[in-house]
Amino acid sequence: QEISADMERLISLIRNKEIVLWAGSGLSLYAGYPSGTEFCNIICNAAKTESDKEILLRHKAVLMNVAEEFEQLYSRSELIGLVSTHFDKVPNIDPHAHYLCTQIPQINAIITTNYDRLFEFVYGDNINTVVGTQYKTSDKKPITLYKIHGDSSDSSSVILTSKDYATFYEGLNSLVWSKLKVILAEHSVLFVGYSLEDKNIEDIFEKVLTQVD
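What you see is a predicted model; the values in this text were computed from it and never measured. (Residues numbered from 1 in each chain as written. Predicted model: local features only at pLDDT ≥ 70, side-chain atom pairs only at ≥ 80, totals over all residues. Heavy atoms only, no water.)

**Observations regarding the overall build of the chain**
On a plain count of helices and strands, the chain comes out with 10 helices and 5 strands. The C-alpha atoms of the chain give 18 Å as radius of gyration, which agrees with the globular expectation for 213 residues (17 Å, within 12%). Taken along its principal axes, the extent of the C-alpha atoms in the chain is 55 × 40 × 35 Å. Relative to its 213 residues, the chain shows a buried fraction of 44%. (Helix = DSSP H or I, 4+ residues; strand = E, 2+ residues; numbered from the N terminus. Rg over C-alpha atoms; globule rule 2.2 N^0.38 Å. Buried < 20%, exposed > 50% of the residue type's maximum accessible area, 1.4 Å probe, protein only.)

What follows is the structure, encoded as structure tokens:
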């Protein structure tokens, strides 16, 4: 297969350890995890009454809005319960794309907005996971995974509702983000699994890039 000039440049950047991987939900779809749109539908279908479902359906176009309504109708724990049910599960198939990432030792930092644990699954003991803005000293493992939207094992870390996003933006001055800003300033970023039409992602990139200068 012919390698394009862009691909040659990417390969060169990876070999020189100049790439950080930023992974979105699109990278996990093949393993049976829901997209943002699918999770909107899951939240709407979890309504306990038809009138509640009608309320949720009015907001289903934007994930953080429908999540906010669901939390107000029921509770934070029920919302996180949906996250756990659909993202803590074992993958439907062998996570081959994630295993391929483990074959690229030059990539030693991964940022993700995903809740699933596919990276932890494939890297095993070789990965150091940082959840949300909870700073932790390095365990001297070859890979560091930054789960910037949290993990369902810690409900307070999950970024899903509109209020969560407000808290997330306030946390851009934390120690974790101070470290991430240095990483982003010194590397090229390879985005995998995102629609750049996603308003939330666009807002995150805009705010982060502004702070990285």
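**As for the pattern of salt bridges**
Using the criterion set out here, one finds 8 salt bridges in the structure. The partner of Arg76 in a salt bridge is Glu71, with the nearest N and O atoms 3.0 Å apart. Bridged by salt links that share partners, the residues Asp88, Arg117, Glu120, Lys147 and Asp151 form one connected network. (Salt bridge = Lys/Arg side-chain N within 4 Å of Asp/Glu carboxyl O.)

**Comments concerning the packing of aromatic side chains**
Going through the model one piece at a time under the given rule, you end up with 10 aromatic pairs. On the basis of an interplanar angle of 10 degrees and a centroid distance of 6.5 Å, the ring pair of Tyr33 and Phe87 is categorised as stacked. Residue Tyr33 is found in the loop between strand 1 (19–23) and helix 2 (36–45), and its partner Phe87 is found in helix 5 (residues 76–87); the two are separated by 54 residues along the sequence. Considered together, Tyr33 and Phe87 belong to a single accessibility category, that of buried residues. (Phe/Tyr/Trp six-rings, centres within 6.5 Å; stacked < 30°, edge-to-face > 60°.)

**A look at the sheet that holds strand 2 (residues 109–112)**
Spatially, 3-4-2-1-5 is the arrangement adopted by the 5 strands of the open sheet, whose pairing is parallel. The open sheet has two edge strands with one neighbour each: strand 3 (127–131) and strand 5 (188–192). Strand-to-strand, the axes of this sheet are offset by a mean angle of 20 degrees, without reference to chain direction. Bridge count between strand 1 and strand 5: 5 bridges; the pairing is parallel. What sits directly across from Val20, in strand 5, is Val189. (Pairing = 2+ DSSP bridges. Axes fitted to C-alpha atoms, helices over the stretch in contact; angles between N-to-C directions.)

**Re the packing of helix 3 (residues 50–57) against helix 4 (residues 63–73)**
Where helix 3 contacts helix 4, the two axes come as close as 9 Å, and the packing angle between them is 150 degrees. In terms of axis orientation, helix 3 runs roughly antiparallel to helix 4. Residues Asp52, Ile55 and Leu56 of helix 3 lie in contact with helix 4, whose contacting residues are Val66, Glu69, Phe70 and Leu73. Here the residues of the contact of helix 3 with helix 4 are counted per class, giving 5 nonpolar, no polar and 2 charged. (Parallel < 35°, antiparallel > 145°, perpendicular 65-115°, else oblique. Contact = heavy atoms within 4.5 Å. Nonpolar A, V, L, I, M, F, W, Y, C, P; charged D, E, K, R; others polar.)

**Considering the side chain of Asp116**
Counting through the fold element by element, Asp116 comes out in the loop between strand 2 and helix 7 (118–123). For Asp116, which is buried and forms no salt bridge, the nearest opposite charge comes from Lys147, at a distance of 6.0 Å. Excluding anything up to four places from it in sequence, Asp116 contacts Ser28, Tyr33, Phe87 and Lys147. (Lys, Arg positive; Asp, Glu negative; His and termini not counted.)

**Focus: the side chain of Thr129**
With respect to the helices and strands, Thr129 occurs in strand 3. Accessibility expressed as a relative area gives 18% for Thr129, which makes it buried. With sequence-adjacent residues up to four places away left out, Thr129 is seen in contact with Glu120, Lys136, Leu145 and Lys147.

**Observations concerning the environment of Ile148**
Relative to the helices and strands, Ile148 is located in the loop between strand 4 (143–147) and helix 8 (162–170). Sequence separation between Ile148 and Thr113 is 35 residues, and the spatial gap between their C-alpha atoms is 5.6 Å. In this view, Ile148 contacts Trp22, Ile111, Thr112, Thr113, Gly132, Ile159, Phe168, Trp177 and Leu180; residues no more than four positions away in its chain are not counted.

By themselves, these are just geometric observations and shouldn't be taken as functional.
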